[in-house]
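# Understanding the architecture of this molecule
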Amino acid sequence: MTEGFVLDTGVLIGVSVENDTHHNECVEYVVERSDCYVTPTVEAEFQRKEAEIRTTLSEEISEHRHDVSQEVDQEVASDGVISWIETNLLESVDNAYRCLKAYYENKRREARFRRIDKLEIISDLEEMEMETWEDAAATHGGVSELVSNWDGPIPSYPDVERELLICEGDDPVVCIEAHHIATTSEVTRTELATTNPVHFIRRVDDEDETREENILRVTEIDEIADLSWDGSI
Amino acid sequence: MADSSDFGPDAFLCHQVLRQMERASDGKKTVYETEFNKLCFLAYKELEEEGLADEVRLPMHWYQFGMKVWGQPDALAVLYNADNRGTKVIPQTLSDSAFSLRDELKEAIHRVARQLAGEYKFTFGTDVIVDDSYDEYAPTPFVKSYHEYRRTIEELEPGQQSLANFVDSGSAKGHISTVRPHLETLVSEYPKSTYNEAYAEFKQWDSVTRQLAKTGDVDALIELSKAFWKMFSRVELRIHHNVDIPSETVADWIMEREQHKQEFRSQLAEYRQIAVANREQTNHLEQVSDEYSETVRNMARDESR
């Protein structure tokens, strides 16, 4: 029996950008399964989102570094200087706020038992900017080695589409593409892996069935795997 | 070729700058395009001080290496000829009577062109005149500092990296200690309100440049600095710093901005890839992996559905 595993964008971001326990779970999922597919819609969305996330975070950290460089006069970043940075220079940081806050908390602890120079902080931030561009799955050869793009043409399935409850953004297209893969002779069992149980699994408002029941009923997909992160380790 | 009666003070200035250089150097000095642009600009600035610039009306804009004359060569009474060293600029064969301008202005242009020819007849290459025009006339401190940065990285030795590694017992310092002070100056001098169109690109450039300096990749540093400055000249400099350029041309330049930024962003992505592939591993984001990954998940969710 040949199994096909169709991944949604959140799983790919988990593999390539995140670096925590959820990342490990996503990597484990794709490493253990040799036939992981990325549909054209997911591929396009992944590329766009990945670039946007990396660009935004690196630019925010870079802008923050510029602020530190210009606003901090002291050469030594003492406990007091670091808390001044946290209070005054993190206000303008939007997405990267929590990472930088956690970084400075660590630095403050370190500052109690060793001297930390402003230059060290500048250099750390420079490195962080580059780290945002790293492929988190590099030790496995990178995300492109772990998954295959589904290249063949994908026809439309108006009957299936009409019955699908899922309606948010590109999600119905992703379902149709996964359905198509399920109908081909290349796979006998198809699983769709998602990090978005709200759209793909649970019941939404007063819909008659759960999204999962609906997808499994109207498409050829056999199972939906929930790879969302619930925060527990 | 333009009708001789069309030649006004702007063409006379361009023509004279070349004629006087020919005369002063006994025909030995070849003027290339970059030097021609700078000579015209320096002549123009002299005339401006004398209150005559409004009459000359020579269209110019700031471009990669300083001010650049804008317009068709034959309308400016000169010819461009490419040889193996670059683009030579030579004066068309014309007598003074081909130019129509009042005598006093003619004399002033003569005098300024002679003076510049005397000053630059023995300088070969364009470094001196480019430095001179940056030193005196860079439109913002940022532009002047960028020129200094460019000069510095051109003098870096590619081999220095391995020596630094050796001396520093294995830690890759590369050229960052030489390059960083220049970048810090550029960061502090960047006029965000004037050059706001290219600010995001500047930040990304600064970020990748620092990493290339750390890995000591001098060739990549130089190539990336050229690509950045070309984009910056097109997106900001020629639009903000120009004289007598027709407004429809400036409007076209404004329309082209996005395309030039896009082109640069794809070049930058290639250099970033090189920088990321060659860098020494660091783990700052790993140390805050919970906060970082949660942020990534939120961003992936937010900007989609």
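Only a predicted model underlies this, so the values are computations on that prediction, with no experimental measurement involved.

What chain A contains, in helices and strands, is eleven helices and five strands. Dimensions along the principal axes, computed over C-alpha positions, put chain A at roughly 65 × 40 × 30 Å. Looking at the 233 residues of chain A, the share that counts as buried comes to 41%. By sequence separation, contacts in chain A at least 24 residues apart represent 77% of the contacts at least 6 residues apart.

Further remarks concern the domain arrangement of chain B. Residue and element names in this part refer to chain B. Taken domain by domain, chain B consists of domain 1 (4-131) and domain 2 (140-286). The C-alpha centroid of domain 2 is placed 32 Å from the C-alpha centroid of domain 1. Classifying every residue of the side of domain 1 that touches domain 2 gives six nonpolar, two polar and one charged.

This part takes up unusual backbone geometry. The backbone of Asp205 of chain A shows a phi angle near 50 degrees, a positive value even though the residue is not glycine. Within the element layout of this structure, Asp205 of chain A appears in the loop between helix 10 (197-200) and helix 11 (211-218). Exposure remark for Asp205 of chain A: the 4 C-beta atoms within 10 Å place this residue in the exposed category. Its identity is not glycine, yet Asp244 of chain B carries a phi of approximately 55 degrees, on the positive side. Using a count of 16 C-beta atoms within 10 Å as the deciding quantity, one classes Asp244 of chain B as partly exposed.

Attention now moves to the interface of chain A and chain B. Contacts between the two partners involve 39 residues from chain A, matched on the other side by 34 residues from chain B. When grouped by side-chain class, the residues that make up the side of chain A that touches chain B number eleven nonpolar, 14 polar and 14 charged.

The next thing to look at is helix 4 (residues 103-120) of chain B. Residues and elements named next belong to chain B. Over its 18 residues, helix 4 extends 26 Å from the first C-alpha to the last, a length consistent with the 26 Å expected when each residue adds 1.5 Å. Of all the residues in helix 4, the buried ones are Ala108, Ile109, Val112, Ala113, Leu116, Ala117 and Tyr120. Looking straight down helix 4, one finds that the buried residues subtend no more than 165 degrees of arc, so they occupy a single side. Exposed residues on helix 4 whose side chains face more than 90 degrees from its buried face are Asp103, Glu104, Glu107 and Gly118. Residues of helix 4 that are buried sit in contact with helix 1 (9-24), helix 2 (33-49) and helix 5 (127-137).

Residues and elements named next belong to chain B. Leu13, Cys14, Val17, Cys40, Ala43, Tyr44 and Leu116 are the most contacted members of the largest nonpolar core, which totals 71 residues. Sort the elements by how many residues they give to this core and helix 10 (residues 218-240) lands first, with ten residues. Looking at this core, you find at least three residues from each of domain 1 (4-131) and domain 2 (140-286). Residues contacting Leu13, with those up to four places away along its chain left out, are Cys40, Ala43, Tyr44, Val56, Leu58 and Ile109.

The next point concerns the sheet that holds strand 4 (residues 189-194) of chain A. Across a sheet, strands are paired by hydrogen bonds formed along the backbone, either parallel or antiparallel in direction. Residues and elements named next belong to chain A. Reading across from one edge, 3-2-1-4-5 is the order of the five strands in this open sheet, with parallel pairing throughout. Either end of the sheet is taken by a strand with one partner, and the two such strands are strand 3 (148-149) and strand 5 (223-226). In terms of strand pairing, strand 1 (residues 3-7) meets strand 4 through five bridges, oriented parallel. Within the sheet, the bridge partner assigned to Gly4 lies in strand 4 and is Thr190.

For the rest of this paragraph, the subject is the sheet that holds strand 1 (residues 60-63) of chain B. Residues and elements named next belong to chain B. Taken together, three strands build an open sheet; the order of strands is 2-1-5 and the sheet is antiparallel. Each end of this open sheet is capped by a strand with a single partner; those strands are strand 2 (66-69) and strand 5 (242-243). Strand direction decides the pairing type here: strand 1 and strand 2, joined by four bridges, are antiparallel. Along strand 2, the bridge assignment pairs Trp62 with Met67. With respect to the sheet, helix 2 is in contact with strand 1 and strand 2, its orientation differing from that of strand 2 by roughly 100 degrees.

Moving on, we come to the confidence of the model for chain B. Detailed conclusions should not be drawn from predicted coordinates in areas where pLDDT is low. Here chain B averages 89 in pLDDT, and 92% of its residues register 70 or above. A low-confidence stretch, residues 160-172 of chain B (pLDDT under 50), is modelled with twelve contacts involving residues beyond four sequence positions or located in other chains.

Let us look at the packing of helix 2 of chain B against helix 5 of chain B. Residue and element names in this part refer to chain B. The interhelical angle for the contact between helix 2 and helix 5, taken along N-to-C directions, is 35 degrees, at an axis separation of 10 Å. Where helix 2 crosses over helix 5, the two elements pack in a sense that is left-handed. Facing Thr34, Glu35, Lys38, Phe41, Leu42 and Lys45 of helix 2, the residues of helix 5 in contact are Ile129, Val130, Ser133 and Tyr137. Residues of the contact of helix 2 with helix 5, tallied by class, amount to five nonpolar, two polar and three charged.

Structurally, the position occupied by Gln204 of chain B is in helix 9 (residues 199-215). The exposure class assigned to Gln204 of chain B is buried, which follows from the 22 C-beta atoms found within 10 Å. Spatially, the C-alpha atoms of Gln204 of chain B and Arg265 of chain B are 8.8 Å apart, while their sequence positions differ by 61 residues. Not counting the four nearest positions on each side in its chain, Gln204 of chain B is found in contact with Glu59 of chain A together with Leu268 of chain B.

Take the packing of helix 2 of chain B against helix 4 of chain B next. Residues and elements named next belong to chain B. Packing of helix 2 against helix 4 brings their axes to within 10 Å, and their N-to-C directions diverge by 130 degrees. In terms of axis orientation, helix 2 runs oblique to helix 4. For the pair helix 2 and helix 4, the sense of crossing is right-handed. Of the residues in helix 4, those touching helix 2 at Leu39, Leu42, Ala43, Glu46 and Leu47 are Ala108, Val112, Ala113, Leu116 and Tyr120. Of the residues in the contact of helix 2 with helix 4, the class split is nine nonpolar, no polar and one charged.

The rules behind the values
Each chain carries its own residue numbering, running from 1 in the written order of its sequence. Lettering of chains starts at A and numbering of ligands starts at 1, both following the order in which they are written. Where local features are concerned, this predicted model is filtered to residues with pLDDT of at least 70; where side-chain atom pairs are given and counted, the filter is 80 or more; whole-chain, interface and lining totals use all residues. Numbered from the N terminus, helices here are DSSP runs of H or I no shorter than four residues, and strands are runs of E no shorter than two. Residues with at least 20 other C-beta atoms within 10 Å of their own are called buried, those with 12 or fewer are called exposed, and the rest are partly exposed. The C-beta atoms themselves are positioned from the backbone. With C-beta atoms placed from the backbone, a contact is any residue pair whose C-beta atoms sit within 7 Å. An automatic or database domain assignment is the source of the domain bounds shown. Only Asp, Glu, Lys and Arg are considered charged in this grouping, and only Ala, Val, Leu, Ile, Met, Phe, Trp, Tyr, Cys and Pro are considered nonpolar; every other residue, Gly among them, is considered polar. Take the residue count of a helix, subtract one, and multiply by 1.5 Å to get its expected span. The directions considered for the arc run from the helix axis to the C-beta atoms. Buried Ala, Val, Leu, Ile, Met, Phe, Trp, Tyr and Cys residues form a nonpolar core when they are connected through C-beta atoms within 7 Å. Only strands that DSSP links by at least two bridges are regarded as paired with each other. The angle between two axes is taken between their N-to-C directions and runs from 0 to 180 degrees, where each axis is a line fitted to C-alpha atoms and a helix contributes only its stretch in contact. Per-residue confidence from the prediction method is given by pLDDT, with values spanning 0 to 100. A crossing counts as left-handed when the near helix is turned anticlockwise from the far one by less than a right angle, and as right-handed when that turn is clockwise. For this classification, under 35 degrees means roughly parallel, over 145 means roughly antiparallel, 65 to 115 means roughly perpendicular, and everything else is oblique.

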